[in-house]
Amino acid sequence: MTATGTPAVANAAAFDVMRRNAHSAAVAFTAAADPTVAGHYPGFPVLPGLFLVEAVDRAVQEWAGPARDVGLLAMDRCRFRHPVFPDDRVFADAEITETPEGLQVKGTVTTNRGRVADLRLRYRIAAGPAFIGPG
């Protein structure tokens, strides 16, 4: 999310759910050629790495569904391997393991050119309603 509360991934509604099962989920989207991408490195348009983290988060949220409130707690590892360019098709895969402390997620992000990011994320599972924040 950006500071204004809007999704950072351009046209976030355009996520396609590719897979959802008991231990994983995957989503895909096309990297838009919008001003954020063009201005990230002027003269070298690439998708900001935060968008890749958000894509894995979107896969986790799809896995959890609306009945479970899960929230990103920590990013233990994040390695960006290659840039993602405008119009690339991006695939974010989340392998999810439930533990007594919450969720452990192994995220992999790929494009048609191969792996572009590896992530290790931890999530909390809320016992009650989601915390919205100060009113």
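Residues numbered from 1 in each chain as written. Predicted model: local features only at pLDDT ≥ 70, side-chain atom pairs only at ≥ 80, totals over all residues. Heavy atoms only, no water.

Novice: Run through unusual backbone geometry, naming residues and quoting values.
Specialist: Despite not being glycine, Asp87 has its phi angle at roughly 75 degrees, a positive value. Topologically, Asp87 is positioned in the loop between strand E3 (70-80) and strand E4 (89-99). (Helix = DSSP H or I, 4+ residues; strand = E, 2+ residues; numbered from the N terminus.)

Novice: Before we move on, could you go through the confidence of the model for the chain and cite the residues and values that matter?
Specialist: Summing up the model confidence of the chain, the mean pLDDT is 85 and the portion of residues at 70 or higher is 84%. Segment residues 1-6: pLDDT under 50, and six contacts once partners within four positions in sequence are set aside and those in other chains are kept. (pLDDT = per-residue confidence, 0-100. Contact = heavy atoms within 4.5 Å.)

Novice: So, the environment of Ala31: which residues are in play, and what are the values?
Specialist: Here Ala31 shows up in the loop between strand E2 (24-30) and helix H1 (35-40). As for Ala31 and Phe85, which are separated by 54 residues in sequence, their C-alpha atoms are 6.9 Å apart. Setting aside chain neighbours within four positions, we find Ala31 in contact with Leu47, Val84, Phe85, Pro86, Asp87, Asp88 and Val90.

Novice: Which residues make up the packing of aromatic side chains, and what values do they have?
Specialist: Within this structure, the stated rule accounts for two aromatic pairs. When the ring of Phe15 is compared with that of Phe29, the centres are 5.1 Å apart and the planes differ by 50 degrees; the resulting orientation is tilted. You can see Phe15 sitting in the segment before strand E1 (16-20) and its partner Phe29 sitting in strand E2, a full 14 residues away along the chain. As far as burial versus exposure is concerned, Phe15 and Phe29 are alike and both buried. Plain terms: the ring middles of Phe44 and Phe85 are 5.7 Å apart, the flat faces sit at 90 degrees to each other, and that makes the pair edge-to-face. Taken as a pair, Phe44 in the loop between H1 and helix H2 (49-64) and Phe85 in the loop between E3 and E4 lie far apart in primary sequence, 41 residues in all. (Phe/Tyr/Trp six-rings, centres within 6.5 Å; stacked < 30°, edge-to-face > 60°. Buried < 20%, exposed > 50% of the residue type's maximum accessible area, 1.4 Å probe, protein only.)

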